[in-house]
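# Topology and contacts: notes
Okay, here's what each chain looks like letter by letter:
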Amino acid sequence: MKLDQKFTEKLQTWLNTPDDEKDYAEGAMMLLQLTGNQIMYRNISFNPKGKAEFIIGKLQQYLKFRLAELTHEQVKQMQKKVDEIAKVTIKTDGDFADFKAGKRADHDKLPEEIQALYVENLDIIHKMRELHLQLRKLSTANTTCPDSERYPFLKELISLDKRLHENWDTYDHYVCPANNNTAADPKNASQSDTVRSDSVAAKTKGAAKSKPRKR
């Protein structure tokens, strides 16, 4: 059952409120909502402030559990995203033929900082493959791999994929001052952009044409 994130946030806000400013009647009501224990609620609702320590302690326990569940859901969503990245970016480059085909015809005429993006992306793909392999080994070795161990790998993979696409976008669309007229013309789009798009499109059936190119 999916937890109510708004209620979790409300609970966290209540617990973060200074003790002398807390509405203990509200705390007792939240505890009832969490436990459904009417007898306990009747016992503490007569004098909720007098039961402050009990209410705070119980609510802290529930908050810890709920935050762990939210983190678990977050990691599940991150894993799904990484699985897609693995299919489209990490595995489709095979022997890096696609990557090499994406090199601009005028690469050597580009400024050094733009050329460097192409080189950096090769390093990024290698790094992503290494991280993904480590993640797979971790999951294989430990079938109950805790979220806390998977999270750093997932986070870095997603971050690297974002950097990879940002680099490609800058590299592919850089307009050389000397070729300003032709490069700016949509009919003369860089050959590298077309090759990379076509190659990946063939490997990602059903992908929408409007989506950013995957590499």
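Computed from a predicted model, the values in this text were never measured in an experiment.

## A short note on the overall build of the protein
- Each helix and strand in the protein was counted, giving nine helices and zero strands.
- Ordered by position from the N terminus, the helices and strands of the protein form the series α-α-α-α-α-α-α-α-α.
- Partitioning the contacts of the protein with sequence separation of at least 6, the portion at a separation of at least 24 is 71%.
- By element, 52% of the accessible surface of the protein is carried by carbon and sulfur atoms, the whole surface being about 13,800 Å².

## Comments concerning the side chain of Thr-8
- Turning to its location among the elements, Thr-8 is positioned in helix 1 (residues 5-16).
- Those residues within four positions of Thr-8 in sequence are excluded, and the remaining contacts are Leu-63, Arg-66, Leu-67 and Leu-70.

## Brief notes about the pattern of salt bridges
- Scanning all chains against the criterion turns up seven salt bridges.
- We note a salt bridge from Lys-10 to Glu-26, for which the minimum N-O separation is 4.0 Å. Here Glu-26 lies in helix 2 (residues 24-35) and Lys-10 lies in helix 1, a separation of 16 residues in the sequence.
- Salt-bridge contacts for Arg-163 lead to Glu-120; the nearest nitrogen and oxygen are separated by 3.0 Å.

## Some points on the packing of aromatic side chains
- One pass over the full model with this rule turns up four aromatic pairs.
- In this structure an aromatic cluster arises from ring pairing among Tyr-118, Trp-168 and Tyr-171.
- Here the guanidinium or amino end of Arg-104 rests over the ring plane of Tyr-171, the centre of that ring lying 6.0 Å away.

## Focus: the nonpolar core
- Ranked by size, the top nonpolar core spans 24 residues in total, and within it Met-128 and Leu-157 carry the most contacts.
- Not counting residues up to four positions away in its chain, the partners in contact with Leu-157 are Val-82, Ile-85, Ile-90, Met-128, Leu-131, His-132 and Leu-135.
- Trp-14, Tyr-41, Ile-44 and Ile-56 belong to the second-largest nonpolar core, a separate cluster that totals 18 residues.

## So, helix 3 (residues 38-45)
- Three or more residues of helix 3 are buried, namely Met-40, Tyr-41 and Ile-44. For helix 3, the buried positions fall inside an angular range of 100° around the axis, keeping them on one side. For helix 3, the exposed residues lying more than 90 degrees away from the buried face are Ile-39 and Asn-43.
- Packing partners of the buried residues in helix 3 comprise helix 2 and helix 4 (52-90).
- Two or three places before Ile-39, at the start of helix 3, stands the capping residue Asn-37, its side-chain oxygen 3.2 Å from that residue's backbone nitrogen.

## Focus: the environment of Phe-153
- Residue placement: Phe-153 occurs in helix 7 (residues 147-173).
- In this structure Phe-153 touches Leu-131, Gln-134, Leu-135 and Leu-138, once residues within four positions along its chain are discounted.

## Some remarks on the confidence of the model for the protein
- Averaged over every residue, the pLDDT of the protein is 79; the share at 70 or more is 73%.
- Summarising per-element confidence for the protein, the mean pLDDT is lowest in helix 8 (residues 180-183) (46) and highest in helix 2 (94).
- Note on residues 181-190: pLDDT is under 50 here. Beyond four places in sequence and across chains, it has three contacts.
- Confidence over residues 197-215 falls short of pLDDT 50; this stretch has 22 contacts with residues more than four positions distant or in other chains.

Definitions and cut-offs
Residues numbered from 1 in each chain as written. Predicted model: local features only at pLDDT ≥ 70, side-chain atom pairs only at ≥ 80, totals over all residues. Heavy atoms only, no water. Helix = DSSP H or I, 4+ residues; strand = E, 2+ residues; numbered from the N terminus. Contact = heavy atoms within 4.5 Å. Areas by Shrake-Rupley, 256 points an atom, 1.4 Å probe, with all protein chains shown as cover. Salt bridge = Lys/Arg side-chain N within 4 Å of Asp/Glu carboxyl O. Phe/Tyr/Trp six-rings, centres within 6.5 Å; stacked < 30°, edge-to-face > 60°. Lys NZ or Arg CZ within 6 Å of the ring centre and 35° of its normal. Core = buried A, V, L, I, M, F, W, Y, C linked by side-chain atoms within 4.5 Å. Buried < 20%, exposed > 50% of the residue type's maximum accessible area, 1.4 Å probe, protein only. Arc of directions from axis to C-beta. Polar contact = N/O pair within 3.5 Å; in protein donor to acceptor, adjacent residues only side chain to side chain. pLDDT = per-residue confidence, 0-100.

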